[in-house]
Amino acid sequence: IRLPKEEITRDDPKPELITFGKWKCELSRDVDTVIVSTGPITVELKEYIIINNIKTSLYNAIYLKPMDLQAIYELMKYKKVIIYDVYATERGFATYLSAKLAQLGYQGKIIVKSVLDTFVDHATIQEQRNQFNLDFDSLAKLID
């Protein structure tokens, strides 16, 4: 199991309540591409998308299981779905989401960006993300 090691702060006096099993639509735009991200990195990714004016919508898959079927149906309207999970290999959440989209008849393009299932030399988190093209700049290049 790979767990995120980023620092998590609990300074928010009024935490947002999320219904069990629901995902959060962080950015909803009239574009062809959507990114589905997991974990704390989604907050940083949202800031990156806004600052760099990247033409994409963004969903935060807060609960990996059960999957939010309503949100998955919303993904079906996009031509390209990018599943971005820097905390796990593609044989986890990314595979399940890809399979669910296919099962529902999704006709667009699915791109999975997650950790490769391979030996990783000692490196910092950022060095590993750069090595496997999981950094934000590499992600932005996938968006038309």
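Here goes a summary of the coordinates provided. Quantities reported herein were computed from a predicted structural model and do not represent experimental measurements.

One finds Ile35, Leu45, Ile49 and Tyr84 to be the most contacted residues of the largest nonpolar core, which totals 20 residues. Of all the elements in the fold, those that place two or more residues in this core are helix 1 (41-51), strand 4 (80-89), strand 5 (109-115) and helix 5 (136-140). Ignoring any residue separated from it by four or fewer positions in sequence, one finds Leu45 in contact with Ile35, Ser37, Leu58, Tyr84, Phe136 and Leu139. Ranked by size, the runner-up nonpolar core spans 17 residues in total, among them Val34, Val36, Ile72 and Ile83.

Before going further, it helps to examine the packing of aromatic side chains. Summed over all chains, the structure comprises 4 aromatic pairs. Ring centres of Trp23 and Phe93 lie 6.0 Å apart, and the angle between their planes is 65°; on these two criteria the pair is classed as edge-to-face. Taken together, the residues span a long stretch of sequence, with Trp23 in the segment before strand 1 (24-27) and Phe93 in helix 3 (residues 93-103) at a distance of 70 residues. Neither residue differs from the other here; Trp23 and Phe93 are each classed as buried. Arranged with centres 5.2 Å apart and planes meeting at 45°, the rings of Tyr48 and Phe136 form a pair that is tilted.

The element strand 4 is largely enclosed, with a buried count of 9 among its 10 residues. Pairing geometry for strand 2 (residues 33-37) and strand 4, over 5 bridges, is parallel. Among the inter-strand pairings, Ser37 is bridged to a residue of strand 4, identified as Tyr84.

Further remarks concern the sheet that holds strand 2. Strand order across the open sheet formed by 5 strands is 1-3-2-4-5, with mixed pairing between neighbours. Across the chains shown, the open sheet's two edge strands, defined by having one partner strand only, are strand 1 and strand 5. Sheet twist, expressed as the mean angle between neighbouring strand axes with direction ignored, is 20°. In this structure, strand 1 lies alongside strand 3 (residues 57-60), joined through 3 bridges in antiparallel fashion.

Analysis parameters
Residues numbered from 1 in each chain as written. Predicted model: local features only at pLDDT ≥ 70, side-chain atom pairs only at ≥ 80, totals over all residues. Heavy atoms only, no water. Core = buried A, V, L, I, M, F, W, Y, C linked by side-chain atoms within 4.5 Å. Buried < 20%, exposed > 50% of the residue type's maximum accessible area, 1.4 Å probe, protein only. Helix = DSSP H or I, 4+ residues; strand = E, 2+ residues; numbered from the N terminus. Contact = heavy atoms within 4.5 Å. Phe/Tyr/Trp six-rings, centres within 6.5 Å; stacked < 30°, edge-to-face > 60°. Pairing = 2+ DSSP bridges. Axes fitted to C-alpha atoms, helices over the stretch in contact; angles between N-to-C directions.

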